Amino acid sequence: MHFFFRQTIESPTFAAELNPAKRQILLAGEKLFARQGLEGTSLREIAVAAGHGNNNAVRYHFGSKEGLMQAIFEYRAGLLEPIRFEMLREAESANALQDLRTIIAMICLPHLGLRDDEGNYSYAAFLIRYLLYQRPQGIMHPADREGLPALQKIQELFYARLSFLSAAAAERRLFFATISFLSTLVNRENKISPISDAEFVPTVEDVLGMITSAVGTPEFGAAPLFGLHAG
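Everything quoted here is computed from the prediction, not taken from an experiment.

About the thresholds
- Residues numbered from 1 in each chain as written.
- Predicted model: local features only at pLDDT ≥ 70, side-chain atom pairs only at ≥ 80, totals over all residues.
- Heavy atoms only, no water.
- Core = buried A, V, L, I, M, F, W, Y, C linked by side-chain atoms within 4.5 Å.
- Buried < 20%, exposed > 50% of the residue type's maximum accessible area, 1.4 Å probe, protein only.
- Helix = DSSP H or I, 4+ residues; strand = E, 2+ residues; numbered from the N terminus.
- Contact = heavy atoms within 4.5 Å.
- 1 Å grid on protein atoms, 1.4 Å probe; cavity = no way out; pocket = protein on both sides within 12 Å on 5 of 7 lines; lining within 4 Å.
- Points joined across faces, edges and corners; volume = space filled by probe spheres on them.
- Nonpolar A, V, L, I, M, F, W, Y, C, P; charged D, E, K, R; others polar.

Concerning the nonpolar core
Piece 1. In this structure, Leu68, Met106, Phe158 and Phe181 are the most contacted members of the largest nonpolar core, which totals 68 residues.
Piece 2. Per-element tally for this core: the top contributor is helix α5 (residues 65-93), with 12 residues.
Piece 3. Among residues more than four places away in sequence, those in contact with phenylalanine 158 are Leu100, Ile103, Ile104, Ile107, Ala170, Arg173, Leu174 and Val215.

A short note on the layout of surface pockets
Piece 1. A volume near 660 Å³ is recorded for the largest pocket.
Piece 2. Surrounding the largest pocket, 23 residues form its lining, Leu131, Arg135, Ala143, Gln155 and Leu174 being those nearest its centre.
Piece 3. Within the lining of the largest pocket, the residues separate by chemical class into 13 nonpolar, 5 polar and 5 charged.

What to know about empty space enclosed by the protein
Where empty space is left in the structure can be found by rolling a water-sized probe over the atoms.
Piece 1. All told, the structure shown has 2 cavities of 30 Å³ or more when counted by the stated rule.
Piece 2. Of the volumes computed, that of the largest cavity is approximately 40 Å³.
Piece 3. Looking at the largest cavity, the residues that line it are Phe33, Ala34, Gly37, Leu38, Met69, Phe126, Arg129, Tyr130 and Gln134.
Piece 4. Elements that contribute at least two residues to the lining of the largest cavity include exactly α2 (20-36) and α7 (122-134).
Piece 5. If you tally residues by element for the lining of the largest cavity, the top one is α7, at 4 residues.
Piece 6. Its residues assigned to classes, the lining of the largest cavity shows 6 nonpolar, 2 polar and 1 charged.

Topic: helix α6 (residues 100-108)
For an α-helix the count is 3.6 residues per turn, leaving residues at separations of three or four pointing the same way.
Piece 1. Counting buried positions along α6 yields 8 of 9 residues, so the element is predominantly enclosed.
Piece 2. When α6 is considered as a whole, its buried residues turn out to be Leu100, Thr102, Ile103, Ile104, Ala105, Met106, Ile107 and Cys108.

As structure tokens, this is what we get:
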């Protein structure tokens with residue numbers, strides 16, 4: 001693993017400034033949304049999980065579940081952005097800004113530090129649900145509003161590096177890269193076949209290599225495989 005990424009794996013959970021009461025609600029909502037989805041979670045459940053006797057606490061601080069979801073994005077983005085800025089700086093110093101594995105690592109590796117108070121990757125699970133279910137419904141992420149310059153710079157590098165693909169194919173591959181990596185983090189908590197501490201770094205290395213190889217291949221536009229066709 002490139003030396004300037006190893007500290008991302010070895011760092012403790014990052015912290016950010018936030019009103020304690022709001023932070024409790026935000027983190028409780030993140031866990032519940034990750035486990036049950038946005039539609040399957042009630043405001044009352046979130047308030048109870050956050051230790052609030054007032055069932056209106058979520059609505060008071062965030063307005064709605066959708067408002068809470070956006071607050072979770074903004075909170076986590078505030079933790080991820082400084083790491084990505086530092087990675088961009090170090091990648092530039094190493095003359096690695098056009099290296100596809102480096103670009104993918106800058107997208108993915110910052111998530112390694114985002115573990116909840118139980119040591120689980122609840123934000124990764126939350127983000128997977130968002131990408132699969134909420135985003136297709138038109139619910140936006142802060143990156144869509146040009147508020148995350150480090151992430152947006154890295155995405156620009158990603159798309160420039162994949163300029164040999166159609167725009168749609170490049171976007172699909174960014175989705176694939178993100179979902180694949182986040183799934184690896186969530187799978188660390190798999191009760192049937194968990195990933196041990198000793199296996200974790202090699203697993204991350206292998207997944208990054210797999211993603212890089214898959215993302216960097218030419219676009220497939222040949223005859224349908226096994227008779228597959230649209231519809």
